[in-house]
Amino acid sequence: MSAASLPQGYRSLGEDRVRESVGLSFVELAPGLVIEHRPGRTVTELDSLLGATLSGNVAPIHTDAHYSGKTQWGRILVCSGVTLNLVAGMTVRSVSGLTTANLAVDHVRFTAPVHIGDTLYAETKILTRRACDSRPDTGVITCHTTAHNQDGTSVLAFARAFLVPLDANAVRDATNY
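Residues numbered from 1 in each chain as written. Predicted model: local features only at pLDDT ≥ 70, side-chain atom pairs only at ≥ 80, totals over all residues. Heavy atoms only, no water.

On the surface, L46, L50 and L54 cluster together into a nonpolar patch covering about 350 Å² of accessible area. Note that L46 resides in helix α1 (residues 45-55). Judged by its relative accessible area of 55%, L46 falls in the exposed class. (Patch = residues over 30% accessible without salt bridge, like charges linked within 9 Å, V, L, I, M, F, W, Y side chains within 5 Å. Areas by Shrake-Rupley, 256 points an atom, 1.4 Å probe, with all protein chains shown as cover. Salt bridge = Lys/Arg side-chain N within 4 Å of Asp/Glu carboxyl O. Helix = DSSP H or I, 4+ residues; strand = E, 2+ residues; numbered from the N terminus. Buried < 20%, exposed > 50% of the residue type's maximum accessible area, 1.4 Å probe, protein only.)

So, about α1. Every buried residue of α1 is listed here: D47, S48, G51 and A52. The buried residues of α1 occupy an angular sector of 115 degrees when the element is viewed end-on, so they sit on one face. Summarising the geometry of α1, the exposed residues directed more than 90 degrees from the buried face are E45, L46 and L54. Where α1 is buried, its residues meet β3 (34-42), α2 (60-63) and α4 (80-96). (Arc of directions from axis to C-beta. Contact = heavy atoms within 4.5 Å.)

Scanning all chains against the criterion turns up zero aromatic pairs. The positively charged end of R129 is found above the aromatic ring belonging to F26, 5.4 Å away from the centroid. (Phe/Tyr/Trp six-rings, centres within 6.5 Å; stacked < 30°, edge-to-face > 60°. Lys NZ or Arg CZ within 6 Å of the ring centre and 35° of its normal.)

Taken in spatial order, the five strands line up as β3-β5-β6-β7-β4 in an open sheet, and their pairing is antiparallel. The open sheet terminates on both sides in strands that have one partner only, identified here as β3 and β4 (101-110). Going across the sheet, the axis of each strand differs from the next one's by a mean of 20 degrees, ignoring polarity. In the sheet, β4 pairs with strand β7 (residues 154-165) via seven bridges, with the strands oriented antiparallel. Its bridge partner being in β7, R109 is matched across the sheet by A157. (Pairing = 2+ DSSP bridges. Axes fitted to C-alpha atoms, helices over the stretch in contact; angles between N-to-C directions.)

Written as structure tokens, this is what we have:
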């Protein structure tokens, strides 16, 4: 398969063989780049219950439909930690698939409630990119991610910093990715 006919997001491994790429490279993660993450993610009852249980947050607003039905929300409110993890996870395939370390998650804002059955969509803007002072083969990326539900209502925003290799293909070759 020629380079010209190679589908975006894939690496050629030889004649008629490609491999999906995970994570944009340091060079591709240019400041100002905006990535719309797809597919969207519908929050299930299992997501909500497992997230609340695994975190130990078994507050009745997250686990008891009868209790939650009597609150201002009228139904179970998905734990904010579950929402943050689902949205952050949606960004990995493109933004941080090659991350070697997370450095920070900052300025987390939950701007509207999330309920079971809501579908979340995320968008990330790359803010800065620089070589890492202490690790010469690594770069530092900072970005800002926002999420909205199926109605376009903003539900979450946060900033994030993480490390990525400067030479993505060397890492991909060494790790069989």
